[in-house]
Amino acid sequence: MEIKPYFHKVHYYETDKMGITHHSNYIRWMEEARVDFLEQVGWSFDKMEEMGIASPVLEVNCVYKKSTVFNQQIKIIVKVREYKSLKLYLDYEIRSASDNSLCAKGSSTHCFLDLEGKPLFMEKSYPEFFSIMTDRKSTRLNSSH
């Protein structure tokens, strides 16, 4: 299954007085792309919450390469860098949709908990999810969409 990039159009409220996207929005866009990625692989946040799975963010990083501006169309490619039964490490490329230039690179780390806040080892508890994420790790995503 090929994962499609997530597309976002920069809104006016996401920019600062200079007309450049405020740096905090890149983290929000990575979350939007992560939600879309999980939906594409059949494990939406709604589904996980209904199953009693929480997946908090443990760490998030972003390196800014090129500014984005109001009305610019961007695409975000999500890749599984590493997956261990308890932790999921994702990488993000934020690119201009018009010329595919790299605007930012990011990463996030997540763990899995049950509703009581106890660690949830997905390999044992949800082997289907574990298998999907393991398969994603070995698949190179195509950023040319």
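Look up a bit, the structure's there.
Residues numbered from 1 in each chain as written. Predicted model: local features only at pLDDT ≥ 70, side-chain atom pairs only at ≥ 80, totals over all residues. Heavy atoms only, no water.

**Overview of the packing of aromatic side chains**
Scanning the entire structure with this criterion turns up 9 aromatic pairs. With a centroid separation of 6.1 Å and an interplanar angle of 75 degrees, the aromatic rings of Trp-43 and Tyr-126 are classed as edge-to-face. Pair noted here: Trp-43 is in the loop between helix 1 (24-40) and helix 2 (45-50) and Tyr-126 is in the loop between helix 3 (122-125) and helix 4 (127-138), with a separation of 83 residues, a long-range link. The two residues Trp-43 and Tyr-126 agree in class, both being buried. Ring plane angle 75 degrees and centroid distance 5.3 Å describe the contact between Phe-112 and Phe-129, whose orientation is recorded as edge-to-face. Here the residue Phe-112 occupies a position in the loop between strand 5 (102-111) and helix 3, and Phe-129 occupies one in helix 4, the gap between them amounting to 17 residues. Taken together through their ring pairs, the aromatic side chains of Trp-43, Tyr-83, Phe-112, Tyr-126, Phe-129 and Phe-130 make up a single cluster. For the cation-ring pair, Lys-47 lies above Trp-43, with the distance from its terminal atom to the ring centre recorded as 4.2 Å. (Phe/Tyr/Trp six-rings, centres within 6.5 Å; stacked < 30°, edge-to-face > 60°. Helix = DSSP H or I, 4+ residues; strand = E, 2+ residues; numbered from the N terminus. Buried < 20%, exposed > 50% of the residue type's maximum accessible area, 1.4 Å probe, protein only. Lys NZ or Arg CZ within 6 Å of the ring centre and 35° of its normal.)

**Observations regarding helix 1**
When the terminal C-alpha atoms of helix 1 are compared, their 25 Å separation across 17 residues agrees well with the 24 Å that a helix rising 1.5 Å per residue should span. By the burial criterion, the buried members of helix 1 are Asn-25, Tyr-26, Trp-29, Met-30, Ala-33, Arg-34, Phe-37 and Leu-38. In the stretch just after helix 1, Gly-42 is the one whose phi turns positive, near 90 degrees. (Expected span 1.5 Å × (residues − 1).)

**Here's the deal with a negative patch on the surface**
A cluster of like negative charges, contributed by Glu-39, Asp-46, Glu-49 and Glu-50, occupies part of the molecular surface. The greatest single-element share of the negative patch, amounting to 3 residues, is contributed by helix 2. With respect to the secondary-structure elements, Glu-49 resides in helix 2. Residue Glu-49 is classed as exposed on the basis of its relative accessible area of 52%. (Patch = residues over 30% accessible without salt bridge, like charges linked within 9 Å, V, L, I, M, F, W, Y side chains within 5 Å. Areas by Shrake-Rupley, 256 points an atom, 1.4 Å probe, with all protein chains shown as cover. Salt bridge = Lys/Arg side-chain N within 4 Å of Asp/Glu carboxyl O. Lys, Arg positive; Asp, Glu negative; His and termini not counted. Charge placed at Lys NZ, Arg CZ, Asp CG, Glu CD.)

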